[in-house]
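A closer look at the structure
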Amino acid sequence: MRWDIFCRVIDNFGDIGVCWRLCVNLAQRGQTVRLWVDDLSALAWMAPFGAPDVQVLAWTTPFSGHDVTPGDVLVEAFGCDIDPEFIASYADCIRARGRKCLWINLEYLTAERYAERCHGLPSPLMSGPGKGLIKHFFYPGFTVDTGGLLHEADLLPRQARFERAAWLAQQRICWQGQRLISLFCYEPTALPAFLRALAADDLPTLLLVTAGRASAAVCQIIHNEISLQPLSDKRQQLSISYLPALTQTDFDHLLWACDLNFVRGEDSLARALWAGKPFIWQLYPQDDDAHHAKLQAFLDWLQAPPSLRHAHEVWNGLPNRAPPTTEQPLISDALLQSWQATFTQAQQTLQQQRDLTSQLLDFVAKKNH
């Protein structure tokens, strides 16, 4: 089948990250995909070599693709509001073909219970150029009653073959056996205290900081805080390596290489779960604090022990959560070892469920039958 996937890049590249992985997954399973995106810049470093059978088209305003014949499946990623000109062409094609075409709204990932209730539900359009058409809601998720998570067929075999030392050397990261932590975050209020605690820890840490907002936040803190400058009478326990923008493949490698991963948003959360390593997730902050309930729902599904739940709450700035200190750090080797069983179990649970692309293909096939 031919797929049209529409994506708007908000500001943090998670939307385009999910959409690109979906496009590649579909193409690897014999589908032909057109990705319409309003900001192509992230693909230059995220997927510099493109992918077979995936065509990337600029989504411009005003819309310039109204003369393009729509495909068999229309995917509206994260409620991005496809232009009425394309919807009108889509509706005309359906009438001309005399057969079904599917319009799917791919929703955001959440562990909240409404994802199970709303997954797959139809939503008839009562007005506009798409009047009379039906849009179906497709919810990614963590349970068998949702659409699952994106997962390439060769992901786990590639992970099993991965060699940490070789990859770090290839990235020119000078690793001498220290604890490895990756940092992919926004600007958590706990970050300054966390860096101070790492610098004063008994064990040395090499912090691998991703490009963009995480690097900017760390640089600003180090510039402002004398306590993080090298001290002549005490060897610093914290080393920092600032990474360039990574391809999606190398971002997976980063997660596999580290002993602890700090991730943010949706795409990196899913990849951290597949990595099977301890991680702390930062949600995109919302003005009404709706992300707090979303975090608690995820921690409930994860069956997070109290220490892991507390670490997530501190990192996400929940009220009345004390920042980390030298006496009460956010993480320790003992905590990481105790958390590992939780993440191993989560990975195994997800492996027993069908991946999102397989479920999406089945959903389309059933609706077109």
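Cut-offs applied
- Residues numbered from 1 in each chain as written.
- Predicted model: local features only at pLDDT ≥ 70, side-chain atom pairs only at ≥ 80, totals over all residues.
- Heavy atoms only, no water.
- UniProt positions renumbered as here; feature names shortened; annotations may be inferred.
- Domains from an automatic or database assignment.
- Contact = heavy atoms within 4.5 Å.
- Buried area = accessible area lost by both parts, 1.4 Å probe.
- Salt bridge = Lys/Arg side-chain N within 4 Å of Asp/Glu carboxyl O.
- Helix = DSSP H or I, 4+ residues; strand = E, 2+ residues; numbered from the N terminus.
- Nonpolar A, V, L, I, M, F, W, Y, C, P; charged D, E, K, R; others polar.
- Buried < 20%, exposed > 50% of the residue type's maximum accessible area, 1.4 Å probe, protein only.

As recorded by an unreviewed UniProt entry, the protein chain carries the name Protein-arginine rhamnosyltransferase and is attributed to Rhodoferax antarcticus ANT.BR. Per UniProt, the protein chain has the following entry under Sequence similarities (unreviewed entry): "Belongs to the glycosyltransferase 104 family." Turning to the protein chain, the UniProt annotation filed under Catalytic activity (unreviewed entry) states: "dTDP-beta-L-rhamnose + L-arginyl-[protein] = N(omega)-(alpha-L-rhamnosyl)-L-arginyl-[protein] + dTDP + H(+)".

This part takes up the domain arrangement of the protein chain. Assigned domains of the protein chain: these are domain 1 (2-149 + 354-368) and domain 2 (154-352). Taking only C-alpha atoms into account, the centre of domain 1 sits 31 Å from that of domain 2. Across the boundary between the two partners, domain 1 contributes 21 residues, which contact 23 residues of domain 2. Note on domain 1 versus domain 2: buried area summed over both sides is about 1,900 Å², and carbon and sulfur give 57% of it. Seen at the junction of domain 1 and domain 2, the total is 2 salt bridges. In this structure, the salt-bridge partner of Arg21 is Asp252, at a minimum N-O distance of 3.6 Å. Take the side of domain 1 that touches domain 2: its biggest share by element is 5 residues, from helix 1 (residues 14-28). For the side of domain 1 that touches domain 2, a count of residues per class yields 11 nonpolar, 5 polar and 5 charged.

Of note, Ile280 is situated in strand 12 (residues 279-282). The class of Ile280 is buried, set by a relative accessible area of 0%. Not counting residues up to four positions away in its chain, the partners in contact with Ile280 are Leu260, Asn261, Phe262, Val263, Ala311, His312, Trp315, Leu330, Ile331 and Trp339.

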